[in-house]
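# Analysis of the macromolecular model
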Amino acid sequence: TILIRKLQAGEEVTLISNFKEARSSAEVLSTNHCDFISNGGFYTKENSPLGLFFLKGEKLANYLESDFLNGIISKNRKGDITLSSSQLSITADLEFALQSGPYFSLKSEVVQGFENEKARRSLIAQDSKGKIYFLAIYDSGNTFSGPELGQLKKLLSAVNDNNNLELASAVNLDGGSTLAFLQTGEDSIPEIKKSGSFFCIKNK
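Definitions and limits used
In this numbering scheme, every chain counts its residues from 1 along its sequence in written order. Side-chain atom pairs in this predicted model are given and counted only at pLDDT of 80 or more, local residue features only at pLDDT of at least 70, and totals for whole chains, interfaces and linings cover all residues. Think of the side-chain values as coming from all heavy atoms in the structure, minus any hydrogens and water. Salt bridges are counted wherever a side-chain nitrogen of Lys or Arg sits within 4 Å of a carboxyl oxygen of Asp or Glu. By definition, any uninterrupted DSSP run of H or I lasting at least four residues is a helix, any uninterrupted run of E lasting at least two residues is a strand, and each is numbered from the N terminus. Only protein chains enter the area calculation, which uses a 1.4 Å probe; residues under 20% of their type maximum are buried, those over 50% are exposed, and those in between are partly exposed. In this analysis, the protein atoms alone were mapped onto a 1 Å grid. Cavities are point sets where a 1.4 Å probe fits without being able to get out; pockets are open sets with protein on both sides within 12 Å along at least five of seven lines; lining residues have an atom within 4 Å of a point. Grid points are joined across faces, edges and corners, and a volume is the space filled by probe spheres set on the points. Throughout, the ten residues Ala, Val, Leu, Ile, Met, Phe, Trp, Tyr, Cys and Pro are labelled nonpolar, Asp, Glu, Lys and Arg are labelled charged, and all others, Gly among them, are labelled polar. Strand pairing is defined by DSSP finding a minimum of two bridges between the two strands. Axis geometry follows a simple rule: fit a line to the C-alpha atoms, using only the stretch in contact for helices, then measure angles between N-to-C directions, giving values from 0 to 180 degrees. When charges are tallied, Lys and Arg are placed among the positive residues and Asp and Glu among the negative ones, while His and the ends of the chain are skipped. In the analysis that follows, any N or O atom pair within 3.5 Å is treated as a polar contact, provided that within protein one partner can donate a hydrogen and the other can accept it, and provided that, for residues neighboring in sequence, both atoms belong to side chains. Throughout, disulfides are identified as pairs of cysteine sulfur atoms within 2.5 Å of each other.

This paragraph deals with the pattern of salt bridges. One pass over the structure, following the stated rule, counts three salt bridges. In this structure, Glu 95 and Lys 75 form a salt bridge, with 3.3 Å as the shortest nitrogen-oxygen distance. Of this pair, Glu 95 sits in strand 8 (residues 94-100) while Lys 75 sits in strand 6 (residues 71-76); the two residues are 20 residues apart in sequence, bridging distant segments of the chain. When its relative accessible area of 24% is taken as the criterion, Glu 95 is described as partly exposed. Taking the shortest distance from any N to any O, the salt bridge between Lys 118 and Glu 148 comes out at 3.9 Å.

Written out as structure tokens, the structure reads:
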């Protein structure tokens, strides 16, 4: 099963830290008046971001050299969101940035190798026109399970074919038991254990 939430015109994405607060996605959605909530990136056992995490002018964690966490999600003060596999320079016009991964380019022919673990997956994707999408992918017969990482690129291509989309790139977020995909009046999946951060979509 694949759930898709597109960022609509007139909506904005904000990043919310939850490393120390340990709030539920439902609480964050309600408190921040979000229309949609997705979990963010990975974090350590010490409840710190795993990789770059920059928010509200403060860098909570530095960039981490990693073949796995090779994606950067950033938003500038104009509201433009970018997915990239390049290290990011912190500038004055940056609203937030976080590191996660792996990064997938649907245009690339490079075959990436990963472990064979099956888990439910959370992703942020961008189409050829720059539009942003959030996706949750899980096993329809077992909402606690999902695809292997190596299957995601093929699944994203299938999403394009089945939904008339043009997704060009995606970054894997911290899925598994931390996956949260909450939307008002639509199919939702709450996290099983704490998510370290959240993406919130709401009207500007």
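The discussion continues.
Another point: the layout of surface pockets. As a volume, the largest pocket reaches approximately 320 Å³. Considering each element in turn, the lining of the largest pocket owes the most residues, three residues, to strand 2 (residues 11-17). Considered class by class, the residues forming the lining of the largest pocket number five nonpolar, four polar and eight charged. Considered as a void within the structure, the second largest pocket measures approximately 240 Å³ in volume.

We now examine the sheet that holds strand 2. Read across the sheet, four strands follow the order 2-14-3-13 without closing on themselves; strand pairing throughout is antiparallel. In this open sheet, the two edge strands, each paired with only one partner strand, are strand 2 and strand 13 (181-183). Adjacent strand axes in the sheet meet at a mean angle of 15 degrees, parallel and antiparallel pairs treated alike. Where strand 3 (residues 36-39) meets strand 14 (residues 197-203), four bridges bridge the pair, whose relative direction is antiparallel. In the sheet register, Ile 37 faces strand 14, and the bridge partner there is Cys 200.

This part is about unusual backbone geometry. Here the amide bond leading from Gly 101 into Pro 102 is cis, since omega sits at 5 degrees, within 30 degrees of zero. Position of Pro 102 among the secondary structure elements: in the loop between strand 8 and strand 9 (103-105). One non-glycine residue with positive phi stands out, namely Asn 47, at about 60 degrees. Structurally, Asn 47 can be placed in the loop between strand 3 and strand 4 (53-55).

As a further point, take the side chain of Arg 120. Counting through the fold element by element, Arg 120 comes out in the loop between strand 9 and strand 10 (121-127). No salt bridge forms around the buried Arg 120; measuring N to O, its nearest opposite-charge neighbour Glu 191 is 7.1 Å away. Engagement of the side chain of Arg 120 in a polar contact is seen with the backbone oxygen of Gly 176, the distance being 2.7 Å. Within polar-contact distance, the side chain of Arg 120 engages the backbone oxygen of Pro 190 at 3.3 Å.

Tallying each qualifying case throughout the model produces one disulfide. Put simply, Cys 34 and Cys 200 are joined by a disulfide, and their sulfur atoms are 2.1 Å apart. The sign of the -115 degrees torsion about the S-S bond sets the Cys 34-Cys 200 disulfide as left-handed. Of this pair, Cys 34 sits in the loop between helix 1 (25-31) and strand 3 while Cys 200 is found in strand 14, placing the two residues 166 residues apart along the sequence. The class of Cys 34 is buried, set by a relative accessible area of 5%.

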